[in-house]
Amino acid sequence: MKIDSLWIGQVALAALMNAAFATAVGSALLKAWLGNDGARPVVAPSHPAWVRAQHSLVAAAAALVLADLGWLLYQAASMSGAGLDGAFGALPAVLGQTHVGAAWCVAFAGAVLLFAVALMRPDGTVPYAVLWLAVVAIAAGKASIGHVADAGTFSAAAGVHTLHLLATAVWGGLVLAGGLAVLPALGSSVARGALIRIAQRVSRFSIVAVAFVAATGALNAVRGLGGSLAPLAASVWGHVLLLKLVLVAFAIVLGALNRLSALPRLRRTASTEDAHTFRNMLHLEALTMIGVFVAAAVLAVCVPGFAG
């Protein structure tokens, strides 16, 4: 593995793609949960949070589209060996003649559709159905870009990795969008009831998502390690995987503390102090998830452990 400007650019843009995708998913979920009353500005104290969820959805979808375009440019530069100066000339061949190009087109089409739906402020069954269709397309395209493509586009490994990306997007997205954008807007005492309701939903959905992340992540790890633990210590891929596991474990611990300690206190007291504690823990979990997404981006460009 050669760490140069192209490698750094690819990793940075891949990490941005991961974070933007997750934030869009989390924002869409939070906006839907807040939609029952938050969409009415006159009577709903949760309206500022609903607005933030909408803005976060649009911003994340726009960032995903731009990151996808930038990543493709760096990928073309890397695959052609011509550097960034020759990347534009290599784009037709990458898009038309490679598996990476075909998978990228699926993911990018999903990102554009997601951005278009976000701009229309989705509300109702049909708009949200289209939005989640776009989310699945993005995950399927992203899953087929990486090493899992070696097993085949419609392989079980591709399906497992697609599910892994979706589950990670739900967990990480609720944490990122909730901790950094939406829940801080529920800071007033009159919005405390809405904060508690949303916090409970975030907690419940996160538990389910983490279970899927753990199961599918374990299958991905076994495939990447070739069924042996030796590459954990003998390869760069294994070292990065260990770092990612540590970050994931730390995020799970933070989420567990929030669910088992901060959230029960908040439900009992509805106090400002306990509300701040819950949001601060979620904020710290969000920062940890950013590290997880960076580690995942590095894994995607490293040679799998079994081949290292």
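Our subject is the structure that appears above.
Everything numeric here is computed off the predicted structure, so don't read it as measured data.

Criteria and cut-off values
- Residues numbered from 1 in each chain as written.
- Predicted model: local features only at pLDDT ≥ 70, side-chain atom pairs only at ≥ 80, totals over all residues.
- Heavy atoms only, no water.
- Helix = DSSP H or I, 4+ residues; strand = E, 2+ residues; numbered from the N terminus.
- Buried < 20%, exposed > 50% of the residue type's maximum accessible area, 1.4 Å probe, protein only.
- Contact = heavy atoms within 4.5 Å.
- Areas by Shrake-Rupley, 256 points an atom, 1.4 Å probe, with all protein chains shown as cover.
- Phe/Tyr/Trp six-rings, centres within 6.5 Å; stacked < 30°, edge-to-face > 60°.
- Lys, Arg positive; Asp, Glu negative; His and termini not counted.
- Salt bridge = Lys/Arg side-chain N within 4 Å of Asp/Glu carboxyl O.
- Polar contact = N/O pair within 3.5 Å; in protein donor to acceptor, adjacent residues only side chain to side chain.
- Core = buried A, V, L, I, M, F, W, Y, C linked by side-chain atoms within 4.5 Å.
- Expected span 1.5 Å × (residues − 1).

With respect to the overall build of the chain
Thought 1: Looking only at helices and strands, the chain features 10 helices and 0 strands.
Thought 2: Each helix and strand of the chain, placed in order from N terminus to C terminus, yields the pattern α-α-α-α-α-α-α-α-α-α.
Thought 3: C-alpha extents for the chain along the principal axes are approximately 60 × 45 × 35 Å.
Thought 4: Of all 308 residues assigned to the chain, the portion counted as buried reaches 50%.
Thought 5: Taking the intrachain contacts of the chain between residues at least 6 apart in sequence as the baseline, contacts between residues at least 24 apart amount to 75%.
Thought 6: Here the chain has roughly 13,600 Å² of accessible surface; of this, 70% comes from carbon and sulfur atoms.

Regarding the packing of aromatic side chains
Thought 1: Counted under the stated rule, the structure contains 2 aromatic pairs.
Thought 2: Here Trp104 and Phe108 contribute two aromatic rings whose centre-to-centre distance is 4.6 Å and whose plane-to-plane angle is 10 degrees, an arrangement assigned as stacked. Taken as a pair, Trp104 and Phe108 lie in helix 4 (residues 99-119) at a separation of 4 residues, close to a single helical turn. As far as the burial class goes, Trp104 and Phe108 line up, both buried.

Re the side chain of Arg192
Thought 1: Mapped onto the fold, Arg192 is located in helix 7 (residues 192-225).
Thought 2: With no salt bridge to any partner, buried Arg192 finds its closest opposite charge in Asp274, at an N-O distance of 8.3 Å.
Thought 3: Within the structure, Arg192 has its side chain in polar contact with the backbone oxygen of Gly187 (distance 3.2 Å).
Thought 4: Ignoring any residue separated from it by four or fewer positions in sequence, one finds Arg192 in contact with Gly187, Leu266, Ala270, Ser271, Thr272 and Ala275.

Observations concerning the pattern of salt bridges
Thought 1: Counted under the stated rule, the structure contains 1 salt bridge.
Thought 2: In this structure, the salt-bridge partner of Arg265 is Asp274, at a minimum N-O distance of 3.3 Å.
Thought 3: The partly exposed category is assigned to Arg265, whose relative accessible area is 28%.

Things to note about the nonpolar core
Thought 1: Counting 98 residues, the largest nonpolar core has Leu114 and Trp171 as its most contacted members.
Thought 2: Top contributing element to this core by residue count: helix 1 (residues 5-34), with 18 residues.
Thought 3: Sequence-distant contacts of Leu114, that is, excluding residues within four places in its chain, are made with Ala24, Ala61, Leu64, Leu131, Ala134, Val135 and Ile138.

Considering helix 5 (residues 125-145)
In an α-helix, one turn spans 3.6 residues, which is why side chains three or four residues apart end up on the same side.
Thought 1: With 21 residues, helix 5 extends 31 Å between its outermost C-alpha atoms, agreeing within 8% with the 30 Å of an ideal straight helix rising 1.5 Å per residue.
Thought 2: Buried within helix 5 are the following residues: Tyr128, Leu131, Ala134, Val135, Ile138, Ala139, Gly141, Lys142, Ala143, Ser144 and Ile145.
Thought 3: In the core, the buried residues of helix 5 are packed alongside helix 1, helix 2 (47-80), helix 4 and helix 6 (156-182).

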